[in-house]
Amino acid sequence: MKSLVFKKDGLHRLSASYIPERLPSREEHQLEIFNTVIGFLEGRLPLKAIVLNGPSGSGKTVTVKKASEQVLKYCSQRGIRLEHRHLNTRFAYSDFTLAQMIALSLMPNIPGRGYSSRELLFTVFDYLEKSGRSYLLVLDDFDSFLSGVRSRFFTDLVKISEEYEDRVKVILILIGIE
């Protein structure tokens, strides 16, 4: 039976993970994110983090996802080894659970217990150093995480990244509403 509501193969466009080919009115933002990340990876720009704020539904997440796709394609074509993760921090209720989410997304076999959040972060950086990879980490809804906990996570992450600065490049993109 032919659907009167959806075009052929159109239902997948309602998925939260769907990313359209073009993002009208977002190309400039997408290009700015792309150029900033690539500039950092190629050593032309100093960078600790990119922060995107705006009202819910304004296109922050899809813009970052589209820019990340372009970054990954660019890196693949040039032999730049890059790990990419997009994590929603709404489900992290402590520094430990956020560090655990990050570590498990890269190293699924790491024990989920027995480490502090700092130890997990050091383990992540050790993994990246040994694998020779840079890391594009997108933390969505990071303001939800910060409003729910008294956190040292970002301070720890920046300090650890400074210790590995010459050996591991980490690009942090934070997406929030406030």
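Let us look at the structure shown here. (Residues numbered from 1 in each chain as written. Predicted model: local features only at pLDDT ≥ 70, side-chain atom pairs only at ≥ 80, totals over all residues. Heavy atoms only, no water.)

Some points on helix α3 (residues 95-106)
What counts is decided by this rule: Only DSSP runs of H or I reaching four residues or more are called helices, and only runs of E reaching two or more are called strands; each is numbered from the N terminus. Take the residue count of a helix, subtract one, and multiply by 1.5 Å to get its expected span. Note on exposure labels: buried denotes an accessible area under 20% of the residue type's maximum, exposed denotes more than 50%, and partly exposed covers the range between, all computed with a 1.4 Å probe on protein chains only. Residue contacts are defined here by distance: any two heavy atoms, one from each residue, within 4.5 Å place the two residues in contact.
Between its first and last C-alpha atoms α3 spans 17 Å; for 12 residues at 1.5 Å apiece the expected length is 16 Å, and the two agree. Among all positions of α3, only D95, T97, L98, A99, Q100, I102, A103 and L106 are buried. Residues of α3 that are buried sit in contact with β2 (82-88), α4 (117-131), β3 (134-140), α5 (142-148) and α6 (153-163).

Regarding the sheet that holds β3
This is how the line gets drawn: One requirement defines pairing of two strands: DSSP has to find at least two bridges between them. Where helices are involved, their axes are fitted lines through C-alpha atoms of the stretch in contact, as for all axes, and angles between N-to-C directions lie from 0 to 180°.
The strand order across the open sheet built from 4 strands is β1-β4-β3-β2, with neighbouring strands paired in parallel fashion. Looking along the sheet, the strands with just one partner apiece sit at the ends: β1 (49-53) and β2. Shown here is a sheet whose adjacent strand axes are inclined to one another by a mean of 10°, direction ignored. In the sheet, β3 pairs with strand β4 (residues 170-176) via 6 bridges, with the strands oriented parallel. Its bridge partner lying in β4, L139 is registered against L174. On top of the sheet, helix α1 (residues 27-41) reaches β1, β2, β3 and β4; it is set at about 155° to β4, its chief contact. Together, β2, β3 and β4 form the strand contacts of α4, whose direction differs from that of β3 by roughly 140°.

Details of the pattern of salt bridges
Note that side chains of opposite charge can pair when their charged atoms are close. So the rule is basically this: Salt bridge, as used here, is a side-chain nitrogen of Lys or Arg placed within 4 Å of a carboxyl oxygen of Asp or Glu.
Taken as a whole and judged by the stated rule, the model has 8 salt bridges. Salt-bridge contacts for E42 lead to R44; the nearest nitrogen and oxygen are separated by 2.7 Å. On the basis of relative accessible area, E42 is assigned to the partly exposed category, the value being 36%. Overall, R44 belongs to the exposed group, its relative accessible area being 54%. Notably, a salt bridge pairs R90 with D141, separated by 2.8 Å at the nearest N-O pair. Linking R90 in the loop between β2 and α3 with D141 in the loop between β3 and α5, this pair joins segments that are 51 residues apart in sequence.

Examining α6
A turn of α-helix holds 3.6 residues, and therefore any two residues three or four places apart point the same way. As a reminder, the rule being used: By definition, the arc is the one covered by directions from the helix axis to the C-beta atoms.
Residues F153, F154, D156, L157, I160 and S161 constitute the buried set of α6. Along α6, the residues classed as buried sweep out an arc of 160° about the axis, all on the same side. Here the buried face of α6 lies against α3, α4, β3, α5 and β4.

Details of the environment of T63
The condition is simple: Two N or O atoms form a polar contact when they lie within 3.5 Å of each other; inside protein one atom must be a possible hydrogen donor and the other a possible acceptor, and for residues adjacent in sequence the pair counts only when both atoms belong to side chains.
Within the fold, T63 resides in helix α2 (residues 60-78). As for T63 and I33, which are separated by 30 residues in sequence, their C-alpha atoms are 8.7 Å apart. At 2.6 Å, the side chain of T63 forms a polar contact with the backbone oxygen of G59.

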